[in-house]
Amino acid sequence: QEESGGILGMLETISSDFARTIKETNKADTDAQREFVDFKRSALVSKKKKEKELERINADLAEKRSDLTDDVNDLKTQQQDLNNAVIEWEKLRPGCLLSSGRRNTAIGRRRGKRRSSP
C-alpha cells in the first residue's frame, strides 16, 4: 500500500503541477492578449495622429510650392520690367546728356553776357 500511496502521491503532485501550470499559462495568455489589445489600440491612435499630421504637412508643402512658383513668376515679370526700363533708359540717356550739355552751354553764355553787361 505504501507503494500505491507513493505512486498516487506522485500522480497527485503531477496533477496539481499541471493544473497550476495550466492556470499560470492561461493567466499569462489573458494578460498578453490584454496587452496586445492595448498596444494595438494605442498604435492605431498614434497612426491616425501621424496620418493627419502628414496630411497637414503635405498641404503646407503644396501651399509653399505654389507660393514659390508664384513668387518666381513675379520675380521673372519684375526682372523683365526692369530690363525693359533699363533698355528704355539707355535709349533716352544720350538725348538727356546732349540736352544737359546744351543747357549748361546756354546757361554759361547767359551768365557771361550778364557779367559783361554794365
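Residues numbered from 1 in each chain as written. Predicted model: local features only at pLDDT ≥ 70, side-chain atom pairs only at ≥ 80, totals over all residues. Heavy atoms only, no water.

S.K.: Before we move on, could you go through a negative patch on the surface and cite the residues and values that matter?
M.R.: Residues Glu63, Asp67, Asp70, Asp71 and Asp74 make up a contiguous surface patch of negative charge. Turning to its location among the elements, Asp74 is positioned in helix α1 (residues 2–116). Using a relative accessible area of 44% as the deciding quantity, one classes Asp74 as partly exposed. (Patch = residues over 30% accessible without salt bridge, like charges linked within 9 Å, V, L, I, M, F, W, Y side chains within 5 Å. Areas by Shrake-Rupley, 256 points an atom, 1.4 Å probe, with all protein chains shown as cover. Salt bridge = Lys/Arg side-chain N within 4 Å of Asp/Glu carboxyl O. Lys, Arg positive; Asp, Glu negative; His and termini not counted. Charge placed at Lys NZ, Arg CZ, Asp CG, Glu CD. Helix = DSSP H or I, 4+ residues; strand = E, 2+ residues; numbered from the N terminus. Buried < 20%, exposed > 50% of the residue type's maximum accessible area, 1.4 Å probe, protein only.)

S.K.: Got a sec to walk through a nonpolar patch on the surface? Specific residues and values, please.
M.R.: Where nonpolar side chains cluster on the molecular surface, the patch consists of Ile7, Leu8, Met10, Leu11, Ile14, Phe18 and Ile22 and spans about 730 Å² of accessible area. For Met10, the location among the structural elements is in helix α1. Judged by its relative accessible area of 54%, Met10 is exposed.

S.K.: Which residues make up the pattern of salt bridges, and what values do they have?
M.R.: One pass over the structure, following the stated rule, counts 8 salt bridges. Arg20 is paired through a salt bridge with Asp17; the nearest N and O atoms lie 3.1 Å apart. One end of the pair, Arg20, and the other, Asp17, are both in helix α1, 3 residues apart, so they sit about a helical turn from each other. Its relative accessible area of 31% is what places Asp17 among the partly exposed residues. Its salt-bridge partner being Glu51, residue Lys47 comes within 3.9 Å of it at the nearest N-O pair. Residue Lys47 and its partner Glu51 are located together in helix α1, separated by 4 residues, close to a single helical turn. Owing to a relative accessible area of 33%, Glu51 belongs among the partly exposed residues under this scheme. Beyond isolated ion pairs, a larger network of salt bridges with shared partners links Asp17, Arg20 and Glu24.

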